Amino acid sequence: MKKVYLDNAATTKMADEVVKAMNPYFSDKFGNASCLHSFGQEARDAVENARKIIADKINAEPEEIIFTSGGSESNNLAIKGIAYELKGRGNHIITSKFEHPAVLNVSKELEKQGFKISYLNVSRDGFIDLEQLKQSITKQTILVSLMHANNEIGTVQDIEKIGRICKEQNVLFHTDAVQSFAKVGIDVKKANLSLASFSAHKLHGPKGIGALYVKKGITIKKQIHGGSQEFNQRAGTENVSGIVGFAKAVELMKEKDIEKMNTLRDYFIEELLKFDGTSLNGSKENRLCNNISVSFKNVEGESVLLALDDKGIAVSTSSACTSAKLEPSHVLKAIGLKPEDSHGTIRFTLSKYTSKDDVDYTLNSLKYVIKKLRGISPE
Amino acid sequence: MSFKYSDKLMRHFHNPKNAGKIDNADGIGIVGNRSCGDVMHLYITVKNNIIVDIKFKTLGCAAAISASDLLCELAKGKTIDKAMKITKQDLVELLGGLPAPKLHCSLLAIDALHKAIEDYTIKNQLK
Ligand SMILES: Cc1ncc(COP(=O)(O)O)c(C=O)c1O
Ligand SMILES: [Zn+2]
């Protein structure tokens, strides 16, 4: 059976080149990057080379990149790291209603500990209310954490504009750039970023490796104590193969891949909107090159997902009827989507390996699946 | 949340044999609410106190659709009294088990049957 993977926002296939680049670091080049002998130095060189590649990609210095276990850890380290470091100066943090759980649940945890968190509103087309941001900043505000690209609906925030607001008000700015990294250009200086989170497995790199950008001069409270690795900001023997794979993945992502995805995305959206009872979530402009989030009337997302899976197509829903009540995702709620439309929402996320043939096969299968499910649905 | 549905459940989901609507049904049961979950319409035809035909229309998850289909299979050919005795446990067992968060979806099918029978009983008394 034909297999089409359209869940690249969840995770991606590792590029062959990435696997190849990593392989020696599992076997021959197995050294601990903290050791002085040649084995250690070989690993150290690989780590520092990778650090430079990632720093260059965002116009940062290598010393500003801390390797972590992924996006979740980076978000935890950024937000807790600043909150605990600056709690003497203020206890207020600003974020938005549609962040990833790795930001929202950190915020909730900090709330329990006495921090005050403001959750900014998001517009119907998926953009954070920046007027509200300006009004929310107070003398107590120590951090603004707003995501770059949303993982469910793919909208990309104007981080340079947010950065200007934060600079004027003299507050630190963190962005969760896990979905946007290497897909949307990021210049940490232009965006006045203090911190930014990245993860390798969303861009054909390995799982369990990520990075946090921390601007020179900013101190964060360490979250993992132990050795003095990563400029004494994150203990633990470096995941050398992961780090090498991460950098390789970043190097591999080219402008032409992004253009290819953009073209396919637009075609996919255009064809989908020809179906009856469909609507696109999130703006058509300022949207990730690989995200298509569509609500289908009169079908349940889970049923669409499982029926497509039967045709070899992998997609994602965001709502699930797990509790006594079918809970729409917090993202769709934040943009004000009606619950009944949230329930029929499917996210398709492309990769550079997705072909037009894959998209056409998906469109045809969808036509069949939606018709079938609507056929057994009351009215 | 992660779990796996049984193969049996998936067979009912992919190939429901009892999906559809009965025009001039003797009883109709409507349960659920779209804004907070699955919606089910159940239609029955009753002759001599026996459910001779039963069909469903369900807007919902795989658990809801497969439970609807299985319930129709179980109730068809049964007397009203026997059909009333079909329990949630019967359904869940025959579906090869359901993860706890999905139990309410199968419950809905039982509710729909009870409503359809109630509807039939009321209409029948009026005759
Ligand atoms: C926006 C966003 N932030 C953070 C994460 C978490 O990243 P990781 O899986 O590397 O912990 C994800 C991925 O699920 C994401 O999409
Ligand atoms: Zn359900």
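Each chain has its residues counted from 1, following the order in which its sequence is written. Each chain is given a letter, starting from A, and each ligand a number, starting from 1, according to the order in which they appear as written. Local features in a predicted model are, by the rule used here, given only for residues with pLDDT of at least 70; side-chain atom pairs are given and counted only at 80 or more, and totals for whole chains, interfaces and linings are based on all residues. Only hydrogens and water are set aside; all other atoms, that is, all heavy atoms of the structure, feed into the side-chain values.

## A short note on the domain arrangement of chain A
Bring the parts together and some accessible area is lost; that lost area is often taken as the interface size.
All names here are of chain A.
Here comes step 1: These domain limits were set by an automatic method or by a database of domain assignments. According to the domain assignment, chain A consists of domain 1 (4-12 + 254-376) and domain 2 (16-252).
Here comes step 2: Inter-centroid distance (C-alpha atoms) of domain 1 to domain 2 is 28 Å.
Here comes step 3: Contact between two residues is taken to exist if any of their heavy atoms lie within 4.5 Å; hydrogens are not considered. The partner domain 2 presents 33 residues to the 32 residues of domain 1 that form the contact.
Here comes step 4: In this assembly, domain 1 packs against domain 2 so that about 2500 Å² is buried in total across both faces, 54% of it on carbon and sulfur atoms. Buried area is a sum: the accessible area each of two parts loses on coming together, probed at 1.4 Å, counted once for each and added.

## Here we look at the interface of chain A and chain B
Here comes step 1: Opposite the 26 residues of chain A that make contact, chain B presents 27 residues.
Here comes step 2: Criterion for a salt bridge: a side-chain nitrogen of Lys or Arg within 4 Å of a carboxyl oxygen of Asp or Glu. One can count 2 salt bridges joining chain A with chain B.
Here comes step 3: In this structure, Lys102 of chain B and Glu302 of chain A form a salt bridge, with 2.7 Å as the shortest nitrogen-oxygen distance.
Here comes step 4: Polar contacts, as counted here, are pairs of nitrogen or oxygen atoms within 3.5 Å of one another; within protein the pair requires one atom able to donate a hydrogen and one able to accept it, and residues that are adjacent in sequence qualify only if both atoms are side-chain atoms. Counting across the interface, chain A meets chain B through 10 residue pairs in polar contact (both at pLDDT 80 or more).
Here comes step 5: Elements are defined by DSSP. Helices are runs of H or I of four residues or more, strands are runs of E of two residues or more, and each kind is numbered from the N terminus. Those elements that provide at least two residues to the side of chain A that touches chain B are helix 10 (301-309), helix 12 (339-342) and helix 13 (356-375) of chain A.
Here comes step 6: Sorting elements by how many residues they give to the side of chain A that touches chain B places helix 10 of chain A first, with 4 residues.
Here comes step 7: As a working rule, the residues Ala, Val, Leu, Ile, Met, Phe, Trp, Tyr, Cys and Pro are called nonpolar, Asp, Glu, Lys and Arg charged, and the rest polar, with Gly in that last group. Of the residues belonging to the side of chain A that touches chain B, the class tally is 11 nonpolar, 8 polar and 7 charged.

## Some remarks on the confidence of the model for chain B
Here comes step 1: Every residue carries a pLDDT, the predictor's confidence in it, which falls somewhere between 0 and 100. On average, chain B scores 93 in pLDDT, and the residues at 70 or more come to 98%.
Here comes step 2: Under the prediction, the complex receives an ipTM of 0.95, its pTM being 0.95.

## Focus on the pairing of strand 10 (residues 291-296) of chain A
Residue and element names in this part refer to chain A.
Here comes step 1: The rule is simple: take the accessible area with a 1.4 Å probe, protein chains only, and divide by the maximum for that residue type; under 20% is buried, over 50% is exposed, in between is partly exposed. Of all the 6 residues making up strand 10, 6 are buried; the element is thus mostly covered by neighbouring parts of the structure.
Here comes step 2: Neither face of strand 10 is left uncovered, since the one carrying Asn291, Ser293 and Ser295 and the one carrying Ile292, Val294 and Phe296 both have all their residues buried.
Here comes step 3: Any two strands with at least two DSSP-identified bridges between them are counted as paired. Pairing of strand 9 (residues 278-280) with strand 10 involves 3 bridges; the strand directions are antiparallel. Note that in strand 10 the partner of Ser279 across the bridge is Ser295.
Here comes step 4: Direction of pairing for strand 10 relative to strand 13 (residues 345-349): antiparallel, over a ladder of 5 bridges. Counted as the bridge partner of Asn291 is Thr349 from strand 13.

## What about the site of ligand 1?
Residues and elements named next belong to chain A.
Here comes step 1: Any residue with a heavy atom lying within 4 Å of a molecule or strand is counted as near it. Close contacts around ligand 1 come from 13 residues, with Ser72, Asp176, Gln179, Ser199 and Lys202 the closest.
Here comes step 2: Between ligand 1 and Gln179, the relevant distance is 2.8 Å, taken from an oxygen atom to a side-chain nitrogen or oxygen of the residue.
Here comes step 3: One of the side-chain N or O atoms of His201 is found 2.9 Å from an oxygen atom in ligand 1.
Here comes step 4: Surface accessibility in these figures is a Shrake-Rupley result with a 1.4 Å probe; residues are shielded only by whichever protein chains are displayed. Protein contact buries 85% of the 390 Å² of open area that ligand 1 shows by itself.
Here comes step 5: Broken down by element, the residue count for the shell around ligand 1 peaks at 3 residues, all from helix 3 (residues 71-85).

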